[in-house]
Amino acid sequence: MKKHLFPKVLVFICFLVLLNSSFTTVPKTPALQYYQLTIYHTKNAGQLAVINDYLKNVYLPALHKNGLSDIGVFNAHGNDTASDKKLFVLIPFASLQKFETLMKTLNDGTLIKNDTSAYTNAAFNNAPYERMETVLLKAFKDMPVLKKPASEGPYPERVYELRSYEAATEKLYRQKVYMFNEGGEVTLFDRLQFNAVFYAEVLTGSHMPNLMYMTTFKNMAERDDHWKEFGSDSTWKRISALPEFQNTVSKSDIYFLYPADYSDY
């Protein structure tokens, strides 16, 4: 009896081992990242210089030292002549806990010590910015983590296009998010090589309900060519004509940016 039972037991054990190994080799879906987007509003080049000096020599080195990476710093094209000169800082987090940890270390002074920068020690009547705003975002499931772009060419000529899409209602907003993911819009951008950095839902911000995403190009001419191809693509024409995706964007804002020379990408 034992003789006949042993081969069966052995076969069963082998089956369990194989079954277990098949599960362990299944690639895990990356957790959705969170992003903090800070927008500095300034009125002159002097304020921008103070912010850039702080970010380059104090803030980003501290973030890197504490394990944060892929931090983007971007100037707005046209800042030279704009009355509202903008600077954008994008920080990715693996979890909300990582974001909360950064906020705690900033508030209690353990992240940056002995900070003598003109930014931190500015007088009340000589602030380094007119106002700053912070947006907290969560990545789309079809692009769960930020991707550093493979952009080429001189930094000032590059175009990092940040788009913000607001919806009239929460229901219409959810339909637009669905259009990007299940509807195939993210896949279309990938196929047409828009070199996306992120797609994300706005969790907290001054404009709600809202989603944001960033695509990148070597220069403005390349950007225009890509959008022309996008508009004439048969897939876009099909999905944009579907009844369930009508009127899902009530307001869109487009920012043309280029990376600072100390940006991570």
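Notes on the structure follow.

**Examining the pattern of salt bridges**
The tally for this structure, following the rule as stated, stands at twelve salt bridges. Three or more residues are tied together by salt bridges with common partners; here these are Glu-161, Arg-163, Arg-223 and Asp-224.

**Topic: the side chain of Asp-233**
If you trace the backbone, Asp-233 turns up in the loop between α6 (220-232) and α7 (234-240). The exposure class assigned to Asp-233 is buried, which follows from its relative accessible area of 10%. In terms of polar contacts, Asp-233 uses its side chain to reach the backbone amide nitrogen of Thr-235, at 2.8 Å. Each residue touching Asp-233, except ones within four places of it in the same chain, is listed here: Leu-188, Arg-191 and Leu-192.

**Some points on the pairing of strand β6 (residues 198-204)**
Note that strand β4 (residues 131-139) and β6 share four bridges and pair antiparallel. Within β6, the position partnered with Ala-139 by the bridge is Ala-200. One ladder, built from four bridges, connects β6 with strand β7 (residues 210-217); its direction is antiparallel. Within β7, the position partnered with Glu-201 by the bridge is Leu-211. From the end of β6 to the start of β7, which pair antiparallel, there are five residues.

**A look at the packing of aromatic side chains**
Applying the stated rule across the entire model yields 29 aromatic pairs. Pairing Tyr-40 with Tyr-119 gives two aromatic rings, centres 6.3 Å apart and planes at 80°, and the pair type is edge-to-face. Highlighted residues: Tyr-40 in strand β1 (residues 34-42) and Tyr-119 in the loop between α3 (96-107) and β4, separated in sequence by 79 residues. No difference in accessibility class separates Tyr-40 from Tyr-119, as the two residues are buried. For the pair Tyr-199 and Tyr-213, a centre-to-centre distance of 5.5 Å together with 25° between the ring planes defines the contact as stacked.

What counts, and where the lines are drawn
Residues numbered from 1 in each chain as written. Predicted model: local features only at pLDDT ≥ 70, side-chain atom pairs only at ≥ 80, totals over all residues. Heavy atoms only, no water. Salt bridge = Lys/Arg side-chain N within 4 Å of Asp/Glu carboxyl O. Helix = DSSP H or I, 4+ residues; strand = E, 2+ residues; numbered from the N terminus. Buried < 20%, exposed > 50% of the residue type's maximum accessible area, 1.4 Å probe, protein only. Polar contact = N/O pair within 3.5 Å; in protein donor to acceptor, adjacent residues only side chain to side chain. Contact = heavy atoms within 4.5 Å. Pairing = 2+ DSSP bridges. Phe/Tyr/Trp six-rings, centres within 6.5 Å; stacked < 30°, edge-to-face > 60°.

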